[in-house]
Amino acid sequence: MAALIKSVTIRALKFSSAASFRSKRCGKTPIICLKSFSTVMSPPSEAIVYEQHGSPDSVTRLVNLRPVEVKENDVCVKMIAAPINPSDINRIEGVYPVRPPVPAVGGYEGVGEVYAVGSKVNGLSPGDWVIPSPPSSGTWQTYVVKEESVWHKIDKACPMEYAATITVNPLTALRMLEDFVNLNSGDSVVQNGATSIVGQCVIQLARLRGISTINIIRDRAGSDEAREQLKALGADEVFSESQLNVKNVKSLLGNLPEPALGFNCVGGNAASLVLKYLREGGTMVTYGGMSKKPITVSTTSFIFKDLALRGFWLQSWLSMGKVKECREMIDYLLGLARDGKLKYETELVPFDEFPVALDKALGKLGRQPKQVITF
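Residues numbered from 1 in each chain as written. Predicted model: local features only at pLDDT ≥ 70, side-chain atom pairs only at ≥ 80, totals over all residues. Heavy atoms only, no water.

1. A short note on the pairing of strand β3 (residues 45–50)
Line of reasoning, step 1. Most of β3 sits out of view: 5 of its 6 residues are buried.
Line of reasoning, step 2. Bridge count for β3 against strand β6 (residues 104–105) is 2 bridges, and the pairing is antiparallel. Opposite V49, over in β6, you have V105 as the bridge partner. (Buried < 20%, exposed > 50% of the residue type's maximum accessible area, 1.4 Å probe, protein only. Helix = DSSP H or I, 4+ residues; strand = E, 2+ residues; numbered from the N terminus. Pairing = 2+ DSSP bridges.)

2. Some thoughts on helix α5 (residues 168–179)
Line of reasoning, step 1. Here α5 is 12 residues long and its end C-alpha atoms lie 16 Å apart, about the 16 Å a rise of 1.5 Å per residue gives.
Line of reasoning, step 2. Taken across its 12 residues, α5 has 10 buried, putting it largely inside the fold.
Line of reasoning, step 3. Where α5 is concerned, the buried positions are V168, N169, P170, L171, T172, A173, L174, R175, M176 and L177. (Expected span 1.5 Å × (residues − 1).)

3. Describing the pattern of salt bridges
Line of reasoning, step 1. Inspection of the entire model under this criterion finds 16 salt bridges.
Line of reasoning, step 2. The partner of R209 in a salt bridge is E178, with the nearest N and O atoms 2.9 Å apart. Taken together, the residues R209 in the loop between α6 (197–208) and β12 (212–217) and E178 in helix α5 connect sequence positions 31 residues apart.
Line of reasoning, step 3. On the basis of relative accessibility, which here comes to 26%, the residue R209 falls in the partly exposed class.
Line of reasoning, step 4. Linking E258 and K250 is a salt bridge whose minimum nitrogen-to-oxygen distance equals 2.4 Å.
Line of reasoning, step 5. Judged by relative accessible area, E258 falls into the partly exposed class, the value being 35%.
Line of reasoning, step 6. We classify K250 as partly exposed; its relative accessible area is 25%.
Line of reasoning, step 7. Within this structure, R175, E178, D179 and R209 form a network of salt bridges that share partners. (Salt bridge = Lys/Arg side-chain N within 4 Å of Asp/Glu carboxyl O.)

4. Examining unusual backbone geometry
Line of reasoning, step 1. Omega for the bond connecting V102 with P103 falls within 30 degrees of zero, at 0 degrees, which places this linkage in the cis form.
Line of reasoning, step 2. With respect to the secondary-structure elements, P103 resides in the loop between α3 (86–93) and β6.
Line of reasoning, step 3. Notably, K292 is not glycine yet its phi reads approximately 60 degrees, a positive angle.
Line of reasoning, step 4. With respect to the helices and strands, K292 occurs in the loop between β15 (283–286) and α9 (299–303).
Line of reasoning, step 5. Here K292 falls in the exposed class, since its relative accessible area comes to 78%.
Line of reasoning, step 6. A positive phi is found at D306, a non-glycine position, where the angle reads about 55 degrees.
Line of reasoning, step 7. Locating D306 in the fold gives a position in the loop between α9 and β16 (308–311).
Line of reasoning, step 8. Using a relative accessible area of 52% as the deciding quantity, one classes D306 as exposed.

5. Comments concerning the packing of α5 against helix α11 (residues 323–338)
Line of reasoning, step 1. One way to put it is that α5 packs onto α11 with a least axis distance of 10 Å and a crossing angle of 105 degrees. In terms of orientation, α5 and α11 fall into the roughly perpendicular class. Taking contact as the criterion, the partners of P170, L171, L174 and R175 in α5 are, on α11, E325, C326, M329, I330, Y332 and L333.
Line of reasoning, step 2. Here the residues of the contact of α5 with α11 sort into 8 nonpolar, no polar and 2 charged. (Axes fitted to C-alpha atoms, helices over the stretch in contact; angles between N-to-C directions. Parallel < 35°, antiparallel > 145°, perpendicular 65-115°, else oblique. Contact = heavy atoms within 4.5 Å. Nonpolar A, V, L, I, M, F, W, Y, C, P; charged D, E, K, R; others polar.)

6. Let's talk about the environment of W151
Line of reasoning, step 1. Relative to the elements of secondary structure, W151 occurs in strand β10 (residues 151–154).
Line of reasoning, step 2. With sequence-adjacent residues up to four places away left out, W151 is seen in contact with V75, V77, L124, V130, I131, P132, V144, K146 and R327.
Line of reasoning, step 3. Of note is the side chain of W151, whose polar atom sits 3.4 Å from the backbone oxygen of K146. (Polar contact = N/O pair within 3.5 Å; in protein donor to acceptor, adjacent residues only side chain to side chain.)

7. Some words on the sheet that holds strand β11 (residues 188–191)
In a beta sheet, neighbouring strands pair by backbone hydrogen bonds and run either parallel or antiparallel.
Line of reasoning, step 1. Reading across from one edge, β13-β12-β11-β14-β15-β16 is the order of the 6 strands in this open sheet, with parallel pairing throughout. Either end of the sheet is taken by a strand with one partner, and the two such strands are β13 (237–240) and β16. Strand-to-strand twist across the sheet, computed as the mean angle between neighbouring axes with direction ignored, equals 20 degrees.
Line of reasoning, step 2. Relative to β15, strand β14 (residues 261–264) is paired through 4 bridges, and the arrangement is parallel. In the sheet register, F263 faces β15, and the bridge partner there is V285.
Line of reasoning, step 3. Lying on the sheet, helix α7 (residues 223–233) is in contact with β12 and β13; it crosses β13 at an angle near 160 degrees.

Next comes the structure, spelled out in structure tokens:
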């Protein structure tokens, strides 16, 4: 347990006997000005911890963490909300390429309110809303202490469910639209996994640029409802995989141009359908593999269509020293969410109901909205 406490950098709030302090209450969160204290400590924290890799519903547990010192360049943040992403699950399972050493606190993104700041922190104040940007491990806990450089101040007018989830999925959608093919108004893109949050964001961000979307969804209960939901977001065409079991899928395009760019997060047959739609010289970008099936490409697709296969991993992009660029795009996306131009479905779940949220995120209860823990 000592190693665990060390890894999460949290200890109890402690004041020197000679210190004077001023506090006030904002909602449920006490706002405390702490710069005058010789020793600043965070409150105790509750956290979802895993001490070994394995199935998340077996290896995660709620742990009470002792407080830690808030050093001069640190910021103590009271978490407001944090999502359960597929990559969070993969980290716990031990199959994600980059993961924190165990024992570890789960979670990778989220939004919180500044609770206390170290003596040399000048850019943030108690009461500010912040997100870790780039994302940082350990957001499934009530208090997080990390250096000021980790935190990015955001507009408190943005709904908390979007602030908590804006980085991993929406930023992936934005980067894929901008990084691989020079798209212009009037062009089109094709994607599978269109009901995912990335897929929903692709539809809306493309529409803002005058780009049409062709969307592929899986055959399952509720597919008609999913089709209508995507249409409401601005999807131009939505097809189930079974609808595309035709010799010439491009005959279904109508007046839409052949796509120059496609996105794949499923693999297997769903990836092959994306490839069939692409025009000569088109590019398919893979950012996930939900079916766990390989991508199979015909020889003719390479020889006669000159298709290109690429991959995108947000963490790799973020590791290229793009903190400033990342934060500018986050602000742009948050602005769209605040103005109602970027929407996706989430479900807010109280922290003490984490096991239920985890079951939903694991797919045990069928298709569910993005699970967002509230603290």
